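# Secondary and tertiary structure notes
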Amino acid sequence: MKTKTMLGMIVLSGVLILSGCNTNETKGTNEHANHQANQDQVKVEEQVHLEWSFNQSPVANQEGMLTIQVNDHSGKPVQDFKMNHEKKMHLIVVSEDLATFEHIHPEFKGQGRFEVMVPFASAGKYKLIADFIPENGNQIVQTHWVEVQGEKRAKQSLLPDSNLTKVIDGKEITLSFDKQVKVNEEVMLNFQFKDAKSKKPITDLEPYLGAVGHVVIISEDTEKYLHVHPMDEATKGPDAKFHTTFPEKGIYKIWGQFQQNGKVFTVPFVVKVS
Ligand SMILES: [Cu+2]
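This text gives an overview of the structure that appears in the document. (Residues numbered from 1 in each chain as written. Predicted model: local features only at pLDDT ≥ 70, side-chain atom pairs only at ≥ 80, totals over all residues. Heavy atoms only, no water.)

### Observations regarding the environment of Ile 168
In this structure, Ile 168 sits in strand β9 (residues 165-168). Sequence-wise, Ile 168 and Val 267 are 99 residues apart; in three dimensions their C-alpha atoms are separated by 6.9 Å. (Helix = DSSP H or I, 4+ residues; strand = E, 2+ residues; numbered from the N terminus.)

### Topic: the coordination of the copper ion
Angles between donor atoms at a metal ideally measure 109.5 degrees for a four-coordinate tetrahedral arrangement and either 90 or 180 degrees for a six-coordinate octahedral one. At the metal site, the copper ion is ligated by His 90 (ND1), His 103 (NE2) and His 105 (NE2), and these contacts range over 1.7 to 2.0 Å. Looking at His 90, the relative accessible area reads 1%, which means it is buried. Of the residues examined, His 105 reaches a relative accessible area of 21% and is grouped as partly exposed. (Donors = N, O, S within 2.8 Å, 3.2 Å for Na, K, Ca; no water. Buried < 20%, exposed > 50% of the residue type's maximum accessible area, 1.4 Å probe, protein only.)

### Thoughts on the packing of aromatic side chains
Following the criterion strictly, the structure yields 15 aromatic pairs and no others. Centre to centre, the rings of Phe 191 and Phe 242 are 5.5 Å apart; their planes meet at 80 degrees, and the pair counts as edge-to-face. Linking Phe 191 in strand β11 (residues 187-195) with Phe 242 in strand β14 (residues 239-244), this pair joins segments that are 51 residues apart in sequence. Across the pair, Phe 242 and Phe 191 agree in class, each one buried. Through successive ring pairs, a cluster of aromatic residues spans Phe 191, Phe 193, Phe 242, Phe 258, Phe 265 and Phe 269. Residue placement shows Lys 125 over the ring face of Trp 145; its charged tip is 4.8 Å from the ring centre. (Phe/Tyr/Trp six-rings, centres within 6.5 Å; stacked < 30°, edge-to-face > 60°. Lys NZ or Arg CZ within 6 Å of the ring centre and 35° of its normal.)

### Side note on the sheet that holds strand β12 (residues 213-219)
On the basis of which strands lie adjacent, the open sheet formed by four strands has the order β13-β12-β15-β16 and antiparallel pairing. Both outer strands of the open sheet, β13 (225-228) and β16 (263-273), are each paired with one neighbouring strand and no more. Each neighbouring strand pair of the sheet contributes to a mean axis angle of 15 degrees, computed without reference to strand direction. Sheet topology places β12 next to strand β15 (residues 250-260); seven bridges connect them, and they run antiparallel. Within β15, the residue paired with Ser 219 across the bridge is Tyr 252. (Pairing = 2+ DSSP bridges. Axes fitted to C-alpha atoms, helices over the stretch in contact; angles between N-to-C directions.)

### Comments concerning the pairing of strand β5 (residues 107-110)
With three bridges joining them, β5 and strand β6 (residues 113-118) adopt antiparallel strand pairing. Across the sheet, the residue bridging to Phe 108 is Phe 114, located in β6. What sits between β5 and β6 in their antiparallel hairpin is a turn of two residues, with Gln 111 showing a positive phi close to 50 degrees.

### Some details on the pattern of salt bridges
One pass over the full model with this rule turns up nine salt bridges. The residue Asp 80 makes a salt bridge to Lys 88 at a minimum N-O spacing of 2.8 Å. With a closest N to O distance of 2.5 Å, Glu 172 and Lys 199 form a salt bridge. Of the two residues, Glu 172 sits in strand β10 (residues 171-177) while Lys 199 sits in the loop between β11 and β12, which places them 27 residues apart along the sequence. (Salt bridge = Lys/Arg side-chain N within 4 Å of Asp/Glu carboxyl O.)

### Brief notes about the environment of Leu 158
Note on placement: Leu 158 falls in the loop between β8 (140-148) and β9. Residues Leu 158 and Ile 251, spaced 93 residues apart in sequence, show a C-alpha to C-alpha distance of 7.6 Å. The contacts of Leu 158, once residues within four sequence positions are left out, are Asp 97, Leu 98, Glu 220, Ile 251, Lys 253 and Val 270. (Contact = heavy atoms within 4.5 Å.)

### Things to note about the pairing of β15
Judged by how many residues are buried, β15 sits mostly within the fold: ten of eleven residues are covered. Relative to β16, β15 is paired through eleven bridges, and the arrangement is antiparallel. Paired with Trp 255 across the bridge in β16 is Pro 268. A loop of two residues connects β15 with β16, the two strands running antiparallel in sequence, and Asn 261 in this loop sits at a positive phi of about 50 degrees.

### Regarding the sheet that holds strand β4 (residues 101-104)
A sheet is described by the order of its strands in space; here four strands give the open sequence β4-β3-β7-β8, paired in antiparallel fashion. The open sheet is flanked by β4 and β8, the only strands paired with a single partner. Recorded for the sheet is a direction-independent mean angle of 20 degrees between the axes of neighbouring strands. Bridge count for strand β7 (residues 124-132) against β8 is nine bridges, and the pairing is antiparallel. Its bridge partner lying in β8, Ile 129 is registered against Thr 143.

This is the structure we're talking about:
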């Protein structure tokens, strides 16, 4: 009975809003055209129950093996999952203060079971966000909190960036919007890439998980999760454009993930939505 109650709580806490061009059945320009229709479908329903377990209680600086068991509402394992951007499950791991971010891919072992090693840099609370599509269902997002023991670090406060240009791995990345960012209004995010030294536009971005980039956006309270895919998945730069709609006012952290020369890089931004 206790397990049942806990599962129920996990299901409830998994009710997140997904918006933006973030669904997966459509590609490229169609993605945007279907945006409205898809948005209704991705409301998380009680299609599945997730059981989250670690092989040992998680400790900072030690990788723990996480198992996620996905069962249907009658308790039977979900037999298969749709490929979604080259993976059957995407797992985002963020610290409570959003200072750390991991995007990893649990391996499907059959019988509804996924396994992955999860790294935790320090002690504290982490939110795990699983994003997947059962073979006969719609996209599902469910979340789970985990308390990590061991060495602590100071909590970082989330402050909006005054400058939306960052330098990562020798690349200068600027985030801009096509208009003022307001709640419930679709906005276009443009990531522009230059070589940090020569200032030359970067035009050799490589596909990462089947698209030029992936953008994950999480609200300050970690309750809102947006996974956004590009409008033109095939572009190589210097611009990568994404559409999204922020569902509530407040501060959000945005992580853009891109690839060049075989290496994935992650660029974080913090913005305020009024
Ligand atoms: Cu992923």
